Amino acid sequence: MSAPVAPAAAPLTELLGAHEAKSLLRVLTCGSVDDGKSTLIGRLLYDCQVLFDDQVLGLENDSARFGTTGPGALDFALLVDGLAAEREQGITIDVAYRFFTTGRRKFIVADTPGHEQYTRNMVTGASTADVAVLLVDARHGLLTQTRRHLVLVSLMGLRHAVIAVNKMDLIGWDQARFDAIAAEARAFAGRLGLHDLTCLPLSALTGANVTRAPDEPGAAWVTGPTLLGHLESLTPADDPANGPFRFPVQWVNRPNADFRGFSGLIVGGQVAPGDAVIVQPSGRTTRVARIVTADGDLEQAEAGQSVTLVLADEVDVARGDVIATASDPCPVSDQLAARLVWMDEAPLLPGRGYWLRAGPALVGMQVSTLKHRLDVNTLEPLAARDLGLNDVGSCTLALDRPIAFDPYAHNRDMGGVIVIDRQTNQTVGCGMIDFGLRRADNVHWQPTRIDRAQRATAKGQHPCVLWFTGLSGAGKSTVADLVEQRLHAQGRHTMLLDGDNVRHGLNRDLGFTDADRVENIRRVGEVAKLMVEAGLITLVSFISPFRSERRLARGLLEPGQFLEIFVDAPLAVCESRDPKGLYRKARAGQIPNFTGIGSPYEPPESPDLHLDAAAHPPEALADAVVALLRERGLI
Amino acid sequence: MATAPGRPAPFALTHLQRLEAESIHIMREVAAQFRKPVMLYSIGKDSSVMLHLAMKAFYPGRPPFPFLHVDTTWKFREMIAFRDQRMRELGLDLIVHINRDGVRQGIGPITHGSAVHTDVMKTQALKQALDQHGFDAAFGGARRDEEKSRAKERIFSFRTRTHRWDPRAQRPELWRLYNGRVAPGESIRVFPLSNWTELDIWLYIHQENIPVVPLYFARPRPVVERDGALILVDDERLPLAPGEVPQERWVRFRTLGCYPLTGAIESHATTVPEVIHEMLLARTSERQGRVIDRDGGASMEAKKQEGYF
């Protein structure tokens, strides 16, 4: 066997140096298969020689099986559509990430589908992109879809966009046609405040003006940079390293009693030992003592680096806090104006409790006001009571505690948030914070001399809420009324809130949609809380069909003060009783959204008391409730 | 005090520094968000990089999670020796899990084929280990540039109670915000190297001087040719055809798995820079040497849905 011949090692140092020095650009591509988006990406990968022989071989096999480009031609779309369902249906469903390198730059391409039902995927891809490339078919010009893409690009805060006018070969490189499309695109982008818009004519199929200057007949007028040339030379406008120092704390690093550091990724500005910093939201100030990494302490660090900070003073810092430059701290608020993009099949309901993740911080959140929904094709504000899948809305978010943030336009990492459903744990939406509302800063809790414990003592009782839930006609109000009579006879101070009665007054403005039902229960929960603070045993008799709102009401009270009583009778029994004739009307279609018929009832999973209202008379049920109060030591 | 290595100019991070910072950020999120995470350690180059990053992420502390190796009993002998040496050097807590049922049934790649062997000894074994210890998050070293279905997977990838992956119901993943909330029994697979390419891995191994299994470097090794793949005769379990004699050839591996399922490539690259140089000239992808990936166009996606990493 022959002696080994090592590859020439001489140019290697140079080669490694060149690779190290390359900067990274994150590119979003949007458009549909019809626009030639997948073909464009396949073309870029192919021309930049990212594809290996075995992948090209696989592509040849796939093209023969599923291809749409005719015999012998490579169907690049198949390279890009990775999921089996996508290949079968010839569509792109999900965001895919592609990687390629040229002599000058490294690229990560987030490839996203174009149709309206995939808005959430495009928004996901856009969240980390520096520049968006929007595909337009030269034959069709600017479509509604292209306008929506431009709206979303501006909504997600991208500063740079490219309109790639594709299939120029099919219109004979008609310059007038291209100019018309470009002018229309610029006018629309200008209205959105998207000022860096570049329009390029190209053909993804042939590669003309993608990676090489076009030499086709009629294309002599195309003199500018190719698409790849443009992407190689583009300088991203906002470098977070230029902003004020921002460091969300992910992890308190405390391996032993001698070391206490705060680990995180710098998302804004720079830092050096000695810098004055403020811990937010608490507001304590101190100085940076050390910037610790496994490679040794640093003299300075900047946005994009993961480090561990040691502070000069023993200040209290926890995960979710932000360490910021003391001279230019973050706004802090628990009331935020934000734009939300909804990403779940179940609609966003104002008043319902969700989780909000803002950097490492996780806080309880509800939408207190849904100001309007935005038409994603035109940006027109539309009236709305909820947000459905792919809707964009302008909202006020009420948090259960204040957070430090920056407006999304200033810093994407400090102003971008996700919304998480409390029951399914799904990521159901994302949001861009615009500003904090003053309300939170100026409305303080007024301390009062007499507190709830003193009021309760004066009445000689333990206030609590008895929350009766169940279908209409199950007997909630009857049982609640009997319980109140018994408590009253014992000299207890009580109050009964009845669903129908409250709807005549406080909740007169609410209807029976899901959104209104949530608000209905939120208000009643707050009123019940006030009653408990007044020292009263409060009976609430409401259908309250949704688990999450009942949990919200429970969360308003101290542990042990909220007793959920499930008045359980089968729908058929309730319907046969029909004391107010409502079931008959609902069945006749006269009452939409009637619980049990047009709207769901979610039974409690673990109520404090489960009453079988079909098997026992109301008197026996009332006795069971009074027994529960005794058992819990409340009377 | 020192500035970070390989920093060309002030205030300009290199591509590798950004990748490193992102991976460390992901690891810290997992440590903070989960009750009981674990890091899969498969001994290969990606695992070596992931382990190195975990040591850096919690410095001066230690990684706050154990490491897990799912041993199919068919790994290259050099891999096992390297694994035990590294864990000893770093003083780490390693759990080695073998599917004992599979061993009892005599499951192996030669007798049962790659599909059955991989399912029983890798996928099922992994699920056993995760269930047995009640891990709610598991790090894996997969990269998006490896394979088409991986290109669509999230960094935090949700798994049901039965470890299934549903590519159509993935959680949207925006900015640097990772949603690790799960109900009891559900879990998240975490891929901190998602945005690294094969080249990045080698450049980083070079920059950080990370030890890797010597099988990645060329030397004369006894191999036989099977279906166009060069298979190392690593032990006596590999049956030889009558008259078949293993040949000494200069070979190395781009990827490491079970030895009868992993093809070598002819090479003379004996150092990391030579490997990188060879890769820049390469015309085939690294997974090409993996017999299991050839089982069908969407085979990786199907395996992942079943719980494969």
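In this text the structure is predicted, and so the values were computed from the model without any measurement. (Residues numbered from 1 in each chain as written. Chains lettered and ligands numbered in written order. Predicted model: local features only at pLDDT ≥ 70, side-chain atom pairs only at ≥ 80, totals over all residues. Heavy atoms only, no water.)

(A) Spotlight on the environment of Arg-630 of chain A. Position of Arg-630 of chain A relative to the elements: it lies in helix 19 (residues 618–631). Not counting residues up to four positions away in its chain, the partners in contact with Arg-630 of chain A are Gln-490 and Ile-635 of chain A. (Helix = DSSP H or I, 4+ residues; strand = E, 2+ residues; numbered from the N terminus. Contact = heavy atoms within 4.5 Å.)

(B) Region of interest: helix 7 (residues 144–155) of chain A. Residue and element names in this part refer to chain A. The end-to-end C-alpha distance of helix 7, which contains 12 residues, comes to 16 Å, matching closely the 16 Å that a straight helix rising 1.5 Å per residue would cover. Of all 12 residues that make up helix 7, nine are buried, and the element is covered over most of its length. Of the positions making up helix 7, those classed as buried are Gln-145, Thr-146, Arg-148, His-149, Leu-150, Val-151, Leu-152, Val-153 and Leu-155. Directly after helix 7, the chain includes Gly-157, whose backbone phi takes a positive value near 80 degrees. (Expected span 1.5 Å × (residues − 1). Buried < 20%, exposed > 50% of the residue type's maximum accessible area, 1.4 Å probe, protein only.)

(C) Seen up close, the domain arrangement of chain A. As far as domains go, chain A holds domain 1 (12–233), domain 2 (240–325), domain 3 (332–438) and domain 4 (452–631). In this structure, domain 2 of chain A and domain 4 of chain A have C-alpha centres spaced 50 Å apart. (Domains from an automatic or database assignment.)

(D) Up close: the confidence of the model for chain B. Residues and elements named next belong to chain B. Of the residues in chain B, 87% reach a pLDDT of 70 or more, and the chain-wide mean stands at 85. Counted against residues more than four places away or in other chains, residues 1–11, with its pLDDT under 50, gives 24 contacts. For the stretch residues 292–297, pLDDT sits under 50, and the model shows 13 contacts to residues farther than four places along the chain or on other chains. Two numbers describe this predicted complex: its pTM, 0.78, and its ipTM, 0.88. (pLDDT = per-residue confidence, 0-100.)

(E) Local environment of the domain arrangement of chain B. Residue and element names in this part refer to chain B. The domains assigned to chain B are domain 1 (15–200) and domain 2 (210–293). Taking the mean C-alpha position of each, domain 1 and domain 2 sit 24 Å from one another. With 27 residues of domain 1 at the contact, the number on the domain 2 side is 31 residues. Between domain 1 and domain 2, roughly 2,700 Å² of surface is buried when both sides are summed, and carbon and sulfur atoms account for 64% of that area. Taken as a group, Trp-74, Phe-76 and Glu-78 account for 27% of the area that domain 1 buries against domain 2, more than any other trio of residues on that side. The tally of links from domain 1 across to domain 2 stands at three salt bridges. As a salt-bridge pair, Arg-219 and Glu-78 come within 3.8 Å of each other at their nearest N and O atoms. Counting across the domain 1 and domain 2 interface gives six residue pairs in polar contact (both at pLDDT 80 or more). (Buried area = accessible area lost by both parts, 1.4 Å probe. Salt bridge = Lys/Arg side-chain N within 4 Å of Asp/Glu carboxyl O. Polar contact = N/O pair within 3.5 Å; in protein donor to acceptor, adjacent residues only side chain to side chain.)

(F) Region of the structure containing the sheet that holds strand 3 (residues 94–97) of chain B. Residues and elements named next belong to chain B. A sheet is described by the order of its strands in space; here six strands give the open sequence 3-2-1-4-6-5, paired in mixed fashion. Looking along the sheet, the strands with just one partner apiece sit at the ends: strand 3 and strand 5 (156–159). The average angle at which neighbouring strand axes cross in this sheet is 30 degrees, direction not considered. Examined bridge by bridge, strand 4 (residues 137–139) and strand 6 (residues 187–190) share three bridges and lie parallel to one another. Paired with Phe-139 across the two strands is Val-190, which belongs to strand 6. Along the sheet, helix 1 (residues 15–33) contacts strand 1 (37–40), strand 4, strand 5 and strand 6; its crossing angle with strand 5, the most-contacted strand, is approximately 40 degrees. Across the sheet, helix 2 (residues 45–57) is in contact with strand 1, strand 2 (67–70) and strand 4; its angle to strand 1 comes to roughly 140 degrees. (Pairing = 2+ DSSP bridges. Axes fitted to C-alpha atoms, helices over the stretch in contact; angles between N-to-C directions.)

(G) Just the confidence of the model for chain A, in detail. On average, residues of chain A score 86 in pLDDT, and 89% of them reach the 70 mark or higher. Of the regions scoring below 50 in pLDDT, residues 1–10 of chain A engages in 14 contacts with residues more than four places distant in sequence or in other chains.

(H) Highlighting the pattern of salt bridges. All names here are of chain A. If you walk through the whole model with that rule in mind, you get 51 salt bridges over all chains. In this structure, Arg-339 engages Asp-434 in a salt bridge whose closest nitrogen and oxygen atoms are separated by 2.8 Å. In this pair, Arg-339 is assigned in strand 15 (residues 332–342) and Asp-434 in strand 21 (residues 427–436), connecting sequence segments 95 residues apart. With relative accessibility at 25%, the residue Asp-434 sits in the partly exposed group. A salt bridge links Asp-608 to Arg-554, with the shortest nitrogen-to-oxygen separation between them at 3.2 Å. With Asp-608 in the loop between helix 18 (582–587) and strand 26 (609–612) and Arg-554 in helix 16 (residues 547–556), the pair connects residues that are 54 residues apart, well separated along the chain. The network of salt bridges with common partners includes Arg-550, Arg-554, Glu-564, Asp-608 and Arg-632.

(I) The sheet that holds strand 23 (residues 494–498) of chain A, seen in detail. Residue and element names in this part refer to chain A. Taken in spatial order, the five strands of this open sheet run 23-24-22-25-26, and their pairing is parallel. The sheet is open, and its two edges are formed by strand 23 and strand 26, each paired on a single side. Shown here is a sheet whose adjacent strand axes are inclined to one another by a mean of 15 degrees, direction ignored. Bridge count for strand 22 (residues 464–469) against strand 24 (residues 537–541) is five bridges, and the pairing is parallel. Bridged to Leu-466 within strand 24 is Leu-539.

(J) Expanded view of the packing of helix 15 (residues 514–533) of chain A against helix 16 of chain A. All names here are of chain A. Relative orientation of the contacting elements helix 15 and helix 16 amounts to 20 degrees, with a least axis distance of 9 Å. Judged by the inter-axis angle, helix 15 sits roughly parallel to helix 16. Like other packed secondary-structure pairs, helix 15 and helix 16 cross with a definite hand, here right-handed. Taken together, the residues of helix 16 that come into contact with helix 15 (itself represented by Val-518, Ile-521, Arg-522, Gly-525, Glu-526 and Lys-529) are Glu-549, Leu-552, Ala-553 and Leu-556. A per-class count over the contact of helix 15 with helix 16 returns five nonpolar, one polar and four charged. (Parallel < 35°, antiparallel > 145°, perpendicular 65-115°, else oblique. Left-handed = near helix turned anticlockwise from the far one by under 90°. Nonpolar A, V, L, I, M, F, W, Y, C, P; charged D, E, K, R; others polar.)

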